[in-house]
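# Observations on chain architecture
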Amino acid sequence: MPPEMDWRTPPDEAGGNTLAYSDIAMGYLSRNLRYRADYTRTLRKVKRGAMNADEATAALVNRWGISFHTTPEAAFDPKLAVARSDLSPANIVLAPAPPGIGAAPTFDYSALGPVRARIRMGDFLHIILADPEGDEHLCMCGSPDRPMAVMLPVGRDSLTRLASAARLFRRLSGTVAGPPVVRPPPFRRRHHLTLLQVLDGHHAGASRRELAAALIDAQVCALNAAEWVESRERKRISRWIREAVDLRDGGYIRLLHGG
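These notes cover the structure that comes with them. None of the values given here were measured: they were computed from a predicted structure.

### Structural notes on the environment of isoleucine 253
Looking at the element boundaries, isoleucine 253 is found in helix α8 (residues 232–256). Expressed as a C-alpha distance, the spacing of isoleucine 253 and proline 186, which sit 67 residues apart in the sequence, is 20 Å.

### A word on unusual backbone geometry
With glycine set apart, most residues show a phi of negative sign, and most peptide bonds adopt trans. Look at phenylalanine 76: it is not a glycine, yet its phi comes out positive at around 65°. With respect to the helices and strands, phenylalanine 76 occurs in the loop between β1 (66–68) and β2 (81–83). Relative accessible area serves as the criterion here: at 21%, phenylalanine 76 is assigned to the partly exposed category.

### Some thoughts on the environment of proline 10
With respect to the helices and strands, the residue proline 10 is situated in the segment before α1 (21–29). Along the sequence, proline 10 and glutamine 197 sit 187 residues apart, while their C-alpha atoms lie 6.9 Å from each other. Setting aside chain neighbours within four positions, we find proline 10 in contact with Met5 and Gln197.

### Concerning the sheet that holds strand β6 (residues 136–141)
Strand order in the open sheet made by the five strands is β4-β5-β6-β3-β7, with mixed pairing throughout. For this open sheet the edge positions go to β4 (115–121) and β7 (148–151), each flanked by a neighbour on one side alone. Averaged over all adjacent pairs, the angle separating strand axes in this sheet is 25°, with direction ignored. The pairing of strand β3 (residues 91–96) with β6 spans four bridges and is parallel. Along β6, the bridge assignment pairs isoleucine 92 with leucine 138. On the sheet, helix α4 (residues 158–172) packs against β3, β5 (124–129), β6 and β7 and is oriented at approximately 95° with respect to β6.

### Digging into the pairing of β3
Burial of β3 is extensive: five of the six residues sit out of reach of the surface. Where β3 meets β7, four bridges bridge the pair, whose relative direction is antiparallel. Considered in β7, the bridge of proline 96 is made with methionine 148.

### Some remarks on the packing of aromatic side chains
Under the definition given, this model contains five aromatic pairs. Both rings, one in tyrosine 35 and one in tyrosine 39, keep their centres 6.0 Å apart while their planes meet at 45°; by these two values the pair is tilted. Of this pair, tyrosine 35 and tyrosine 39 both sit in helix α2 (residues 33–47), separated by four residues, roughly a single helical turn. Residues tyrosine 35 and tyrosine 39 agree in their burial class; the two are buried.

### Thoughts on α1
Burial runs high along α1: seven of the nine residues are buried. Within the sequence span of α1, burial applies to Tyr21, Ile24, Ala25, Met26, Gly27, Tyr28 and Leu29. Considering only its buried residues, α1 is in contact with α2, α3 (53–64), β1, β2, α5 (186–203) and α8.

### A short note on the side chain of arginine 36
Note that arginine 36 resides in helix α2. Within the structure, arginine 36 has its side chain in polar contact with the backbone oxygen of serine 30 (distance 3.0 Å).

### A few points about α8
The first and last C-alpha atoms of α8 sit only 31 Å apart over 25 residues, clearly below the 36 Å expected at 1.5 Å per residue. If you check which residues of α8 are buried, you get Glu233, Ile237, Ser238, Trp240, Ile241, Ala244, Leu247, Gly251, Tyr252, Leu255 and Leu256. In the segment just after α8, glycine 258 is the residue with positive phi, at about 95°.

### What to know about the pairing of β5
Burial within β5 is extensive, with five of its six residues counted as buried. As judged from the six bridges shared by β4 and β5, these two strands associate in the antiparallel manner. Among the inter-strand pairings, arginine 118 is bridged to a residue of β5, identified as isoleucine 127. In sequence, β4 turns back onto β5 through a hairpin of two residues, with glycine 122 there showing a positive phi of about 60°. What sits between β5 and β6 in their antiparallel hairpin is a turn of six residues, with glycine 134 showing a positive phi close to 135°.

### Considerations on a nonpolar patch on the surface
Together, Leu152, Leu159 and Leu162 give the surface a local cluster of nonpolar side chains, amounting to about 310 Å² of exposed area. Mapping leucine 152 onto the fold places it in the loop between β7 and α4. Since its relative accessible area comes to 39%, leucine 152 is described here as partly exposed.

Quick notes on the rules
Residues numbered from 1 in each chain as written. Predicted model: local features only at pLDDT ≥ 70, side-chain atom pairs only at ≥ 80, totals over all residues. Heavy atoms only, no water. Helix = DSSP H or I, 4+ residues; strand = E, 2+ residues; numbered from the N terminus. Buried < 20%, exposed > 50% of the residue type's maximum accessible area, 1.4 Å probe, protein only. Contact = heavy atoms within 4.5 Å. Pairing = 2+ DSSP bridges. Axes fitted to C-alpha atoms, helices over the stretch in contact; angles between N-to-C directions. Phe/Tyr/Trp six-rings, centres within 6.5 Å; stacked < 30°, edge-to-face > 60°. Polar contact = N/O pair within 3.5 Å; in protein donor to acceptor, adjacent residues only side chain to side chain. Expected span 1.5 Å × (residues − 1). Patch = residues over 30% accessible without salt bridge, like charges linked within 9 Å, V, L, I, M, F, W, Y side chains within 5 Å. Areas by Shrake-Rupley, 256 points an atom, 1.4 Å probe, with all protein chains shown as cover. Salt bridge = Lys/Arg side-chain N within 4 Å of Asp/Glu carboxyl O.

Okay, structure coming up:
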């Protein structure tokens, strides 16, 4: 994994104004030691030719729900993180259209604009469309040489999937796509970035008081033992640690739905 920074430094994820929930989910998962070991083992297999990068990525995504692409020359690239389509309503699924619904004879690839990556994952071609307001993820099943239609499963994420599809159609029509749908409001963004710092400090061995002093109020250093035990800051940092660990160890999946 990338070199670790001092936990007091804002996490790398804080640098992007286009931060989406999938990016935050990847931030938590990338701090999961079991995932890190799994990714590293898988990357070694790709490097020695035991499997190709797309096959390796598909296996990781199936196991973890989301993963970095295992391309050795661009390992750990957050721009190349992909999620399972059943878990991420930000993924737009295209499939062959039944006859008689008015779909165009062929899908116009040229209208997609800049493509960051094409990743073959089983029956799907996962296409990452570069966008300054936040990349789009298109999952294509079947050949674009025939009429295609957007798949819109009926379920909890139907409206989010519909909004994601509308973003694609704006792109195809030559207008500005707009920001991604599954994107945290500013206060949630700040909270998750703080929790990622909590994880980094917790992993580095920082005490609860050290975490609270750095992330809540430096005045906790002046509290005596009894005052610290009863302090709001100790209780808050304990809640944050529990929340951060839960998100790291599987709760990140909820974020893919915009939670």
